[in-house]
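# Observations on chain architecture
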Amino acid sequence: MRIGSLTVASNLFLSPLAGYTNLPFRLVVREIGGVGLCTTDLVNARSLLEKNKKAFKLIETRPADSPLAVQLFGSVPEEMRDAAMCLESIGIASVDINMGCPVRKVCTVGGGSAMMTELNKTAALVRGMARAVKIPVTAKMRLGWDDENLTAPDLARALEDAGAAAIFVHGRTREQGFGGTVNLAGIRAVVHAAKAIPVVGNGDVITPQAAKRMFDETGCAGVSIGRGAFYNPWIFQHTLHFLRTSETGGAGSPLPAAGANAIAGADQVPRSTSTEGALPPEPTFAERVRVMCRHLDLMIEVFDEPLGCRMFRKVAPWYAKRFGPCHEFNKRAVQISTRAEFHEVLGDYIRWRQQFLGDDGQLQPRFRPAPMIASFMREPASAQREQIAVPRGPVAAW
Ligand SMILES: Cc1cc2nc3c(=O)[nH]c(=O)nc-3n(C[C@H](O)[C@H](O)[C@H](O)COP(=O)(O)O)c2cc1C
């Protein structure tokens, strides 16, 4: 798949999750495979230009973490342009602009979701950036401010004219936060609005089947996954396999010659008429533990032991969500300060967990975690009840 001058190996993307999509997590996801492009947490353009240490830590990368997009936020066109040039000069593959963040601190300075309400100003900002660099400049937005203002299609069109190389769209409004169902028809409207650039759909994709549904029903050129990758870093690899073994649609299919997205005619809804693809087996408990330990090692390598362990306190429980009974693990994992402590907690947990295993060494069926189902693949009433957890942290309101 192409995004401007950049070719990516798969059309599955890691969405930015501030506080989570740091270098160690990106490396974990890339080592497992299947992801085409990862994006950093959002970075303040001005802080980059001021050579702020924290901002530079957010964009820390290494060759194995490539291709990498850095997501910028800011509303001053010159700062955004200069920050894009700075990123290009240090070898970053792509620059994404945050137009979806609903957090007040970002919106009150005219960044994040506020950009969706000022079409001309936002287009001018993108034009300035796109003219200044050769790497692709992309935009990540929500469907609009609220249901009365679904501005994403108009904005996408204006940004394409201004030189944006791709649009990433989370299928919810700013007002929705993370509640309710992802609106596939809304994403589809953005796909229709774009003339030639790829539109990448996003929101609640937590299974390969959900990714396929998003491709099939929206005609999007790619799918971006955030929290689903935190639940399950194997999701990209599994989704690629699922799509490639499905009869139609998705990441394994060649894109149509007519445009970057999979929709050719204006009114046809590409329904999922395909046969189901093959799902690779769920990762075993041992494999989940191996990857979790690798994640911690990378956290310590990148952030040093005290900080890496502190940061890992909020990561470990995400792995544990698929362990089966896990309260014994979580209550201690959220207190670790050293690698040795973590391994002690893990060893104790593995012994404790044995009581839930059958003769075959697997979790007994009644202790197995329930299968995951995306909001837009459930009955509406249950979609409201069972939302995906939003990771805790400074941006829990995203
Ligand atoms: C904790 C958290 C942090 C986020 N940080 C960012 C961010 O820095 N930039 C951004 O564009 N979106 C951010 N988002 C939104 C996600 O990229 C994504 O659009 C949203 O979570 C829906 O996709 P998902 O259901 O696959 O997670 C964040 C979401 C969460 C839950």
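Cut-offs applied
Residues numbered from 1 in each chain as written. Predicted model: local features only at pLDDT ≥ 70, side-chain atom pairs only at ≥ 80, totals over all residues. Heavy atoms only, no water. pLDDT = per-residue confidence, 0-100. Contact = heavy atoms within 4.5 Å. Pairing = 2+ DSSP bridges. Helix = DSSP H or I, 4+ residues; strand = E, 2+ residues; numbered from the N terminus. Axes fitted to C-alpha atoms, helices over the stretch in contact; angles between N-to-C directions. 1 Å grid on protein atoms, 1.4 Å probe; cavity = no way out; pocket = protein on both sides within 12 Å on 5 of 7 lines; lining within 4 Å. Points joined across faces, edges and corners; volume = space filled by probe spheres on them. Nonpolar A, V, L, I, M, F, W, Y, C, P; charged D, E, K, R; others polar.

Bringing the confidence of the model for the protein into the picture now. Of the residues in the protein, 88% reach a pLDDT of 70 or more, and the chain-wide mean stands at 89. Residue range residues 264-273 is modelled with pLDDT below 50. Its contacts to residues more than four positions away, or to other chains, number 15 contacts.

Moving on to the sheet that holds strand β6 (residues 94-99). A barrel is described by the order of its strands in space; here eight strands give the closed sequence β3-β4-β5-β6-β7-β8-β9-β10, paired in parallel fashion. Averaged over all pairs of adjacent strands, the angle between strand axes in this sheet comes to 30 degrees, irrespective of strand direction. Relative to strand β5 (residues 68-73), strand β4 (residues 37-44) is paired through five bridges, and the arrangement is parallel. By the bridge assignment for β5, T39 is matched with A69. Against the sheet, helix α4 (residues 77-89) makes contact with β5 and β6, and its axis sits at roughly 160 degrees relative to β5, the strand it touches most. Along the sheet face, helix α11 (residues 235-245) touches β3 (12-14) and β10 (222-225) and points at about 170 degrees away from the line of β3.

Our next topic: empty space enclosed by the protein. Throughout the structure, instances matching the rule amount to three cavities of 30 Å³ or more. Of the pockets and cavities examined, the second largest cavity occupies roughly 80 Å³. Around the second largest cavity, the lining residues are S75, P77, G110, A114, M115, E118, K121, T122 and L125. Per-element tally for the lining of the second largest cavity: the top contributor is helix α6 (residues 119-132), with three residues. Residue classes in the lining of the second largest cavity are distributed as four nonpolar, three polar and two charged.

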